[in-house]
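Notes for the structure review
For reference, the chains in residue letters:
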Amino acid sequence: MYPQRVLSGMRPTGVLHLGHYHGVLKNWVRLQSEYECLFFVADWHALTTHYEDPHQISTHTWDLVVDWLAAGIDPSQATLFIQSRVPEHAELHLLLSMCTPLGWLERVPSFKDQQERLTDRDLSTYGFLGYPLLQAADILIYRADQVPVGEDQVPHVELTREVARRFNHLYGREPDFEAKAQEAAKKLGSKRARLILDLRARHQEQGDDEALEQARALLQEAQNLTMDDRELLFGYLEGSRRLILVEPQSLLTQASRMPGLDGQKMSKSYNNTIGLREHPDEVSRKIKTMPTDPARARRSDPGSPDRCPVFSLHEVYSDESRLAWVREGCTTAGIGCLDCKQPLIDSVLAEQSVFRERAKPYEEDLDLVKNIVADGCERARDLARQTMRDVREAMGLDLG
Ligand code: TRP
Ligand code: SF4
């Protein structure tokens, strides 16, 4: 099976909190051992909304990478890089902008939403409108198959697919495409080639989608094809165009139910977060001062865990037997709220001590982080350059 490539990015807007860990990073850590993964800091994306105060972006960028490393992202498994260090993203963004209808961008839901929500900023800029197209370039330049994102980003991945489809349609023509495709098919061996060509005919002549799926699966499995031949054949299955850009899928991350200190979703804008690498004393203090069920004004008043934000956190950190202990103790006033909070504090601190341990060498020597990122940028740039060669050629810009 051809290795699937996963790509995702985060905007550098401040240090991460436990909501990011349970909602996003834990998932990345799992993915890095299953797929070829590329994770990047979307610093240009941060500029689209923070262009008036860009000075913190670089600090936030390094903090973000250290947070990733702390959470267990492993640079020997995943490629970590910074968007602005791979200027090819900007070139692809520009070229895609030539053939992307304005209406496609204006109707992206986050465009109007954010303009209405972030009223303290003027977001009627060209860069902000182009945000999702820049994101499309981020994804397409690596020919990523899977893009792990939250629900709010799914329309951006959908736009990316439309942009790729349109690009391939416009620029994927090649005069001797048919002959080249037949030539490439021969490399599959005559039996398999015939089967694939039959399936293609069934799809194109009778609209048989299952035949297309089968043919794709056969190509996916074929070992003895070069990257170019494989792309050529994938394009040939669907029409008479070369697929220069690959349509990605969103890999929907389960919405994190990570509750914050006040029971609402943990989020910087609610001011209810626990930082990923926050100092243990501060973490204890925050949990100790968390509001509890208001019915428990006195130690002797019984309470109800379902009305208590502390219990919501227990649901993330405690096993069944401890949850039962809380329920029993709370409803009978057998335990006090501080008794209830202590094991929670211990669990959060235990989780974070691993993060702190991992982060320590990087906090002490930022050059280690910079070297990891320099390597990652190098690798990312190689991939981006390959795609740009094909894109330029397809658009008639290979002025060799
Ligand atoms: N827009 C994403 C966010 O705000 C960040 C991002 C930028 C991204 N480019 C990307 C995510 C490419 C996935 C793939 O969260
Ligand atoms: Fe909340 Fe625990 Fe106090 Fe009950 S005992 S109110 S669950 S903190």
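See above for the structure.
First, a word on scope: everything that follows refers to the structure included in this document. Computed from a prediction, not measured in an experiment: that's the story for all the values here.

Reading guide: rules and limits
Residues numbered from 1 in each chain as written. Chains lettered and ligands numbered in written order. Predicted model: local features only at pLDDT ≥ 70, side-chain atom pairs only at ≥ 80, totals over all residues. Heavy atoms only, no water. Helix = DSSP H or I, 4+ residues; strand = E, 2+ residues; numbered from the N terminus. Expected span 1.5 Å × (residues − 1). Buried < 20%, exposed > 50% of the residue type's maximum accessible area, 1.4 Å probe, protein only. 1 Å grid on protein atoms, 1.4 Å probe; cavity = no way out; pocket = protein on both sides within 12 Å on 5 of 7 lines; lining within 4 Å. Points joined across faces, edges and corners; volume = space filled by probe spheres on them. Near = heavy atom within 4 Å. Polar contact = N/O pair within 3.5 Å; in protein donor to acceptor, adjacent residues only side chain to side chain. Areas by Shrake-Rupley, 256 points an atom, 1.4 Å probe, with all protein chains shown as cover. Nonpolar A, V, L, I, M, F, W, Y, C, P; charged D, E, K, R; others polar. Salt bridge = Lys/Arg side-chain N within 4 Å of Asp/Glu carboxyl O. Axes fitted to C-alpha atoms, helices over the stretch in contact; angles between N-to-C directions. Contact = heavy atoms within 4.5 Å. Arc of directions from axis to C-beta. Core = buried A, V, L, I, M, F, W, Y, C linked by side-chain atoms within 4.5 Å. Parallel < 35°, antiparallel > 145°, perpendicular 65-115°, else oblique. Left-handed = near helix turned anticlockwise from the far one by under 90°. Pairing = 2+ DSSP bridges. Right-handed = clockwise from strand over helix to strand, strands pointing away.

Glancing now at helix α3 (residues 57-71). If you check α3, its first and last C-alpha atoms are 21 Å apart, about what 15 residues at 1.5 Å a residue would give, namely 21 Å. Across the 15 residues of α3, twelve count as buried, placing the element largely inside the fold. Along α3, the positions that sit buried rather than exposed are I57, H60, T61, W62, L64, V65, V66, D67, W68, L69, A70 and A71. In the stretch just after α3, G72 is the one whose phi turns positive, near 110°.

Time to look at empty space enclosed by the protein. Enumeration according to the criterion identifies two cavities of 30 Å³ or more in this entry. Estimates place the volume of the largest cavity at around 90 Å³. Within the residue set of the lining of the largest cavity, elements represented by two or more residues are α14 (309-317), α15 (320-331) and α16 (337-364). If one sorts the elements of the lining of the largest cavity by residue count, α16 sits on top with three residues.

Okay, the site of ligand 2 next. Around ligand 2, the structure places T292, D293, R296, C308, V310, V326, C330, C337 and C340. For the shell around ligand 2, the elements supplying multiple residues, two or more each, are α15 and α16.

Our next topic: the site of ligand 1. Inspection of the region around ligand 1 gives 14 residues, with R11, Y131, Q135, D138 and Q153 positioned closest. One of the side-chain nitrogen or oxygen atoms of Q153 is found 2.9 Å away from a nitrogen atom of ligand 1. Notes on ligand 1: free accessible area 370 Å², of which the protein chains cover 88%. Residue assignment for the shell around ligand 1 shows that the elements contributing at least two residues are β1 (5-10), α7 (126-140) and β4 (146-149). Residue composition of the shell around ligand 1, grouped by class: seven nonpolar, five polar and two charged.

Before going further, it helps to examine the pattern of salt bridges. A side chain with one charge may pair with a side chain of the opposite charge, provided their charged atoms come close. In total, this model carries 25 salt bridges according to the counting rule given. Shared partners join several salt bridges into a network, and the residues in it are E88, R381, D382 and R385.

Contact geometry for helix α10 (residues 190-206) and helix α12 (residues 227-238): axes closest at 8 Å, N-to-C directions at 35°. On the side of α10, the interface is formed by I196, L197, R200, H203 and Q204, while α12 contributes Y236, L237 and E238. Residues of the contact of α10 with α12, tallied by class, amount to four nonpolar, two polar and two charged.

Attention now goes to α10. For α10, which comprises 17 residues, the first-to-last C-alpha distance of 24 Å matches the rise-based estimate of 24 Å (1.5 Å per residue) to within 8%. Every buried residue of α10 is accounted for by A193, I196, L199, R200 and H203. Taken down its axis, α10 places every buried residue within 130° of arc, on the same side. For α10, exposure combined with an orientation more than 90 degrees from the buried face picks out S190, K191, R194, E205 and Q206. Residues of α10 that are buried in the fold lie against α9 (177-186), α11 (209-221) and α12.

Moving on, we get to the nonpolar core. Counting 91 residues, the largest nonpolar core has L18, W68, F81, L96 and Y142 as the members making the most contacts within it. By residue number, the principal contributor to this core is helix α17 (residues 366-394), which donates ten residues. Once residues within four sequence positions are removed from consideration, F81 is found in contact with L7, L38, F39, F40, V41, V86, H89, Y142, V373, G376, C377 and A380.

Examined against the element boundaries, S318 turns out to sit in the loop between α14 and α15. On the basis of relative accessibility, which here comes to 10%, the residue S318 falls in the buried class. A polar contact is formed between the side chain of S318 and the side chain of R322, at a distance of 3.0 Å.

Examined against the element boundaries, S267 turns out to sit in the loop between β5 (249-252) and α13 (280-288). When sequence neighbours within four positions are dropped, the list of residues in contact with S267 reads H17, N272 and T273.

This part covers the packing of α13 against α16. Think of two packed helices as two axes; the pair is described by the angle between the axes and how far apart they sit. At their nearest, the axes of α13 and α16 sit 10 Å apart, and the two run at 150° to each other. By the angle between their directions, the pair α13 and α16 is classed as roughly antiparallel. Considering only the axes of α13 and α16, their crossing is right-handed. Residues P280, V283, S284, I287 and K288 of α13 pack against L338, K341, Q342, L344, I345, V348, L349, Q352 and R356 of α16. Within the contact of α13 with α16, the residues separate by chemical class into eight nonpolar, three polar and three charged.

Within β1, five of the six residues are buried, which leaves it mostly tucked inside the rest of the structure. Pairing of β1 with strand β2 (residues 36-41), which is carried by six bridges, proceeds in the parallel orientation. Bridge pairing links L7 to L38 in β2. Between the parallel pair β1 and β2, the chain is carried across by helix α1 (residues 18-34), and the sense of this crossover is right-handed.

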